[in-house]
Amino acid sequence: MLKIYTDNNFLKADNRKKIFPLLFDMVYLPNEKTSSSFVLTDSLSEADIAVFPVDIVSFLKDNKDNFLQNWIQTVSEYEIPIWVYVAGDLGFSFRKTNVFTFRLGGFNSKLDSSTFVIPCFVNDPYQNILKNDFFTLPKEEKPSIGFVGNANGSVFKLCKEFLLYWKRNVVNWCSGNREDYHSFFPAPKKRYQLLNRIEREEGIRSNFILRNKYRAGAGNKNASKEQTTLEFFENIQSNLYTFCLRGNGNFSVRFYETLIMGRIPVLVDTDVRLPLADEIDWKRHCIIVSEDSIIEDLITFHSSKTNFELQEMQRNNRKLMLKKLNRIDYFIQLSSKIKPE
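Analysis parameters
- Residues numbered from 1 in each chain as written.
- Predicted model: local features only at pLDDT ≥ 70, side-chain atom pairs only at ≥ 80, totals over all residues.
- Heavy atoms only, no water.
- Helix = DSSP H or I, 4+ residues; strand = E, 2+ residues; numbered from the N terminus.
- Contact = heavy atoms within 4.5 Å.
- 1 Å grid on protein atoms, 1.4 Å probe; cavity = no way out; pocket = protein on both sides within 12 Å on 5 of 7 lines; lining within 4 Å.
- Points joined across faces, edges and corners; volume = space filled by probe spheres on them.
- Nonpolar A, V, L, I, M, F, W, Y, C, P; charged D, E, K, R; others polar.
- Pairing = 2+ DSSP bridges.
- Buried < 20%, exposed > 50% of the residue type's maximum accessible area, 1.4 Å probe, protein only.
- Salt bridge = Lys/Arg side-chain N within 4 Å of Asp/Glu carboxyl O.
- Phe/Tyr/Trp six-rings, centres within 6.5 Å; stacked < 30°, edge-to-face > 60°.
- Axes fitted to C-alpha atoms, helices over the stretch in contact; angles between N-to-C directions.

*Asks:* Which residues make up the environment of Leu310, and what values go with them?
*Replies:* Examined against the element boundaries, Leu310 turns out to sit in helix α11 (residues 307-323). Between the C-alpha atoms of Leu310 and Ile264, which are 46 residues apart in sequence, the distance is 8.8 Å. Those residues in contact with Leu310, other than ones at most four positions away along the chain, are Lys139, Leu240, Tyr241, Ile264, Phe301, His302 and Lys305.

The following block contains the structure:
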């Protein structure tokens, strides 16, 4: 059992949305699995690790008195690993030998061994959105690939994205926000170009619904949000493959939504780092392609697999998300890596 030290003053309702993911299950949704694997302790001398309780990016925006740095310095005297959580699209690189950073994405070639990519902990659509249970799709002659989302090739949209990108950089610089710098990546335009190329390929059956805005512009209380969400997951469900490309940050939520749906992601590689890459053979769960070879790679992969292999892959993808990449089991696996002998 891993003994965790944290600052209990932050474990309150107001911080529910920015709490360290593991602490969420320990504090807000306590359950048998977490209680048998982790326990909180008020003693640094007894702790195996220390966890800073909230997302450090949002914390540093409001904190001006070096609280985080002082907290890390105090904990470091006990020579135990420190876990910090970085939410948001861009992430934050924390360069200290005893600090392990958990973030959603980043560039694999630039991340060190103390940086861990966490999966997007998505809810199971079969439980609260779709009306049927999980099933596998048989192999067809042509690979079927789906996509529903923001994809726009207009110059106006590109200019708008570029202005928003620079605005964010200026705000970060002026406010002292230390999120990692990302070069401009026009995700909607990239998606539009690649999807159009796929649509023109006769050897692939495409099923795309292109939006001009994220979630088609549906607001949180708009009835159309339910409809667009249903269309999104029905599209994944009805196609063996789903096109996945990064957004503002170098990761794809759609990638994990495709896995939990029991379908096969076609992930455009943008120097991504996937979770638990030293334990999970990701080539057994997805197709990782370059922008230039996406069509050839998809057709080659599909033709090389039997019906049984593709159906087994679908079952294993869903199992991977439910048994290994959920919020609790992900940290159980990492605890054995980071806990001192």
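*Asks:* I'd like to hear about the layout of surface pockets, residue by residue, with values.
*Replies:* Roughly 270 Å³ of internal volume is contained in the second largest pocket. Counted by class, the lining of the second largest pocket contains 5 nonpolar, 2 polar and 8 charged residues.

*Asks:* Quick one: what's the story with the pairing of strand β1 (residues 2-5), residue by residue and with numbers?
*Replies:* Direction of pairing for β1 relative to strand β2 (residues 38-40): parallel, over a ladder of 3 bridges. Among the inter-strand pairings, Leu2 is bridged to a residue of β2, identified as Phe38. Across 2 bridges, β1 lies against strand β3 (residues 49-51) in parallel orientation. For Tyr5, the partnering residue across the bridge sits in β3 and is Ala50.

*Asks:* I'd like a rundown of unusual backbone geometry, residues and numbers included.
*Replies:* Its identity is not glycine, yet Glu79 carries a phi of approximately 55 degrees, on the positive side. Tracing the backbone through its elements, the reader meets Glu79 in the loop between α4 (67-76) and β4 (82-86). Glu79 gets classed as exposed once you look at its relative accessible area, which sits at 74%. For Leu276, which is not glycine, the phi dihedral falls at a positive 50 degrees.

*Asks:* Help me get a handle on the pattern of salt bridges, residues and values and all.
*Replies:* Counted under the stated rule, the structure contains 8 salt bridges. Between Arg205 and Glu140 there is a salt bridge whose closest N-O contact spans 2.9 Å. With a gap of 65 residues between them, Arg205 in strand β8 (residues 205-211) and Glu140 in the loop between α5 (125-128) and β7 (144-150) connect regions that are remote in the sequence. You can call Glu140 partly exposed: its relative accessible area is 39%.

*Asks:* Account for the environment of Glu231, naming residues and giving values.
*Replies:* Inspection of the secondary structure assignment puts Glu231 in helix α8 (residues 223-238). Residue classification places Glu231 among the partly exposed positions, given a relative accessible area of 25%. Those residues within four positions of Glu231 in sequence are excluded, and the remaining contacts are Val148 and Arg211.

*Asks:* Account for the packing of aromatic side chains, naming residues and giving values.
*Replies:* What describes a pair of aromatic rings is the distance from one ring centre to the other and the angle between the planes of the rings. By the definition in use, this model includes 28 aromatic pairs. When the centroid spacing of 5.5 Å and the interplanar angle of 50 degrees are considered together, the rings of Phe20 and Phe331 count as tilted. Taken as a pair, Phe20 in the loop between β1 and α1 (21-28) and Phe331 in helix α12 (residues 327-338) lie far apart in primary sequence, 311 residues in all. The pair formed by Phe20 and Phe331 is uniform in burial state, with each residue classed as buried.

*Asks:* I'd like a rundown of the environment of Met313, residues and numbers included.
*Replies:* Relative to the helices and strands, Met313 resides in helix α11. For Met313, a relative accessible area of 7% gives the class buried. The spatial distance from the C-alpha of Met313 to the C-alpha of Tyr192 is 28 Å, given a sequence separation of 121 residues. Excluding residues within four positions of it along the chain, Met313 makes contact with Ile264, Lys283, Arg284, His285, Cys286 and Phe301.

*Asks:* Tell me about the sheet that holds β8, and name the residues and values.
*Replies:* An order of β8-β7-β9-β10-β11 is seen for the 5 strands of this open sheet, with the pairing classed as parallel. Only two strands of the sheet have a single neighbouring strand rather than two, namely β8 and β11 (287-289). With direction set aside, neighbouring strand axes in the sheet form an average angle of 20 degrees. Sheet topology note: the β7/β8 ladder contains 7 bridges and is parallel. Note on β8: the bridge partner recorded for Val148 is Ile209. Most of the contacts of helix α9 (residues 253-260) go to strand β9 (residues 241-244), to which it runs at about 165 degrees, and overall it touches β7, β9 and β10 (264-268).

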